[in-house]
Amino acid sequence: MFSSETSCWFIRKVICWRAAASIAWSVLLLPPTTAVFVLLSKFSLLHPIQTISECLSLMMSAGSIFSFILLGGVIIMVGFLILEYYAVIPTIACSKIALLSQLLHPRQFINSVGHCLMGVIVGWCCAVTIGHRYEMLGRPCRNSDGSPQMCLNEYHLIFLLAGAFVGFSHSLLGVIHNINYVSFQTVQQHKYLRFKGALPLVVKCSTTQAFYSVRNYIVVYFFLGHIPKKWVCKTLNLQLDGSVHPLDSIAVLLDLSLLYHLWISATFLLFTWYITLLLFRIFVTEVYGFPVQSTFTEDSHQCLPKVLTDKQPMILKFLALQDLALLSQHSPSRRSEVFSLSQPGGHPHNWNAISRECLSLLAALTQRLVAYHETVATNGRAKSLSSGSERRTSSEPSSTEDAMSPRPTFLMKTPNVVFARSVGGSCQSPLTIPFTPDLDSPFGSPALRRLTAPAEQCSPWHGTVQSPHIMRRAPKLWSTSTDSQVNGSPPPSPATAPSPRREPSKPSFLAQFLQNRKEQVKHFLARRVLIMYLFNKLPEASSQALFADSQAHIWALEGLSYLVQASFTEDQFGVVQTTLPSILGSMLLLQEAVDRHFKLPHASSKPVRSTSSMEDSTYKTLRFALRATLKTAIYRITTTFGDHLNAVEMSAEHRKRLQQFLQYKE
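From a predicted model like this one, the values you see are computed outputs, not experimental measurements.

Asks: So what about the packing of aromatic side chains? Which residues, and what values?
Replies: Tallied over the entire structure, the rule returns 24 aromatic pairs. Relative to Phe10, the ring of Trp9 has its centre 5.5 Å away and its plane inclined at 80°; by these criteria the two rings are edge-to-face. Assessed through its relative accessible area of 0%, Phe10 is described here as buried. Residues Phe222 and Phe223 carry aromatic rings whose centres are separated by 5.1 Å and whose planes lie at 90° to one another, so their mutual orientation is edge-to-face. Relative accessible area serves as the criterion here: at 32%, Phe222 is assigned to the partly exposed category. Residue classification places Phe223 among the exposed residues on the basis of a relative accessible area of 56%. Pairwise contacts between aromatic rings join Trp9, Phe10, Tyr288 and Phe290 into one cluster.

Dropping the structure here:
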């Protein structure tokens, strides 16, 4: 998965060891968790002392030791799946059909099968631990003529199937709620304090989800329980005992003891898995300090400027940006290394690499916001070819501002199921944006597809978009006069350069027939409520997907602003002053794009935070955190430099907007 040499050192030396430590702690917490489960499953109010003695003897038995080994193997497997499927950028489905495609993906199918098998193992361990009527799958019985035979113990079977059902439900809910999403804490805490603070939430989520899972399982088993029961009997050559009431009936709803044991077992299963997930989140997101510069050349690939600029795994990219934000605030000695000059030569390589990467991230986000706003503004219709669209507004930046939005050298990965086309048509840019309506859906407008087609190399839209006020140009007319006007030369007269008139080529009968049939199918499907329900875009989800990786931009803004603030007194060589116009220009452009985005419908609505699941809903509010961080970063710079910023070269519109911050009116 990580092919480059630079990536391997971090995965091998840091991530794998952190994941192993989280799994080891999960296994160490398994005995006390199992002891609590045994106590709750066998507790009796009438005989409390006898219950405690039975629990102690059961924990020391050979069967319990074997169950510990199996449960430890399950915990290790769960930790491995979490390590394989975790993500620092959530995958957000912008439509129902996109979510359905995620659930039916082969990779997700393998994950679901693995959780089902592990759920069966945990269910077997719970049934054996509780004992009594749940202990064995087969039990001796007698047939009608009195001869002994082996019959199916349906109580044991219902535990095995309950484990498989809870594991399968956990896997599906993990996709729907982005449980494998790993977020970073705003306030740094010790690992023990984070674990202690999140433990009540784990208990609450485990008990709540176990209750709903058992409820759904009982309903499914009531209607479909006879299918696995007959299959197990046929496979293992077991008989059905007619003297025992079947459990796929109303009687199971009246058996409170069975329902209680199912709920306790499901809670134990989910609790152990959630503890493993919680510890993985805590260990993986722990702060890692990268050296700013190294004495030895063989360790240069581990330095912060190199890590930021190279194409790395996303977890390494995020940890590097987190370290940058922290050192810019709390480490004067490391800041001095950032401001230092190279010897020999006297070049600020560290500052240039760090500032260039941060500005690239801000420029990439600005470009995405501009393209998304233009797409939403069209609402599936092409813009009118008026003369006003051919002119740029006065806010278009000059050639000096080209340095303010450098071309991104590394663009953050965004969910593939959300984003359909790359912005700007650059083959080097994996960044894409969520369009409304979906371009790949059968109801996409042809005008919108032409409008969002990749720009040409010679087009003014090739490259980084400098301002959100630049209107998209009208489709280019392929004539000699238009080409000459674009190139800056006067149009040739008809006498000197006559343009031959070409007859428009008519499409063939077969192509026209297929196009008509395609349009008929699209109009037919568009009238079906279910089809439109699956393909319609979710506006709030599109906005969330647009800012899914904004945690990196938040750290980039914090790192840049704190370094610029510290440079006022600590930058002895003035290395920051050379890029101050670019930093201010990028921040003001992003501020303008963010303000325009929040004027769109559903962009300002805050989602309801769920407290009954392990879903980390931080990504749903990243756009609000980014807006606050961006405004704070600009105020941090203006407060530090004050009227000195009037000497910074920038456009008239940016200067006017900067005055709002200087006068505390923004």
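Asks: Can you break down the state of the cysteines residue by residue, with the values?
Replies: Scanning all chains against the criterion turns up one disulfide. Across the disulfide from Cys141 sits Cys151; the S-S distance is 1.7 Å. Judged by the sign of its S-S torsion, about 60°, the bond between Cys141 and Cys151 is right-handed. Of this pair, Cys141 sits in strand S1 (residues 138-142) while Cys151 is found in strand S2 (residues 148-152), placing the two residues ten residues apart along the sequence. Looking at Cys151, the relative accessible area reads 1%, which means it is buried.

Asks: An account of the pattern of salt bridges is needed here, citing residue identities and associated values.
Replies: Tallied over the full model, the rule gives 13 salt bridges. Linking Arg107 and Glu84 is a salt bridge whose minimum nitrogen-to-oxygen distance equals 3.8 Å. With a gap of 23 residues between them, Arg107 in helix H6 (residues 106-130) and Glu84 in helix H4 (residues 62-85) connect regions that are remote in the sequence. Among the charged side chains, a salt-bridge network with shared partners connects Glu154, Lys229 and Asp248.

Asks: Before we move on, could you go through a nonpolar patch on the surface and cite the residues and values that matter?
Replies: On the surface, a nonpolar cluster with roughly 860 Å² of combined accessible area is contributed by Val219, Val220, Phe222, Phe223, Leu224, Ile227, Ile250, Leu253 and Leu254. Considering every element that reaches the nonpolar patch, the biggest residue donor is helix H8 (residues 191-224), with five residues. One can find Leu224 in helix H8. Under the relative-accessibility criterion, Leu224 is labelled partly exposed at 46%.

Reading the values: the criteria
- Residues numbered from 1 in each chain as written.
- Predicted model: local features only at pLDDT ≥ 70, side-chain atom pairs only at ≥ 80, totals over all residues.
- Heavy atoms only, no water.
- Phe/Tyr/Trp six-rings, centres within 6.5 Å; stacked < 30°, edge-to-face > 60°.
- Buried < 20%, exposed > 50% of the residue type's maximum accessible area, 1.4 Å probe, protein only.
- Disulfide = S-S within 2.5 Å.
- Helix = DSSP H or I, 4+ residues; strand = E, 2+ residues; numbered from the N terminus.
- Salt bridge = Lys/Arg side-chain N within 4 Å of Asp/Glu carboxyl O.
- Patch = residues over 30% accessible without salt bridge, like charges linked within 9 Å, V, L, I, M, F, W, Y side chains within 5 Å.
- Areas by Shrake-Rupley, 256 points an atom, 1.4 Å probe, with all protein chains shown as cover.

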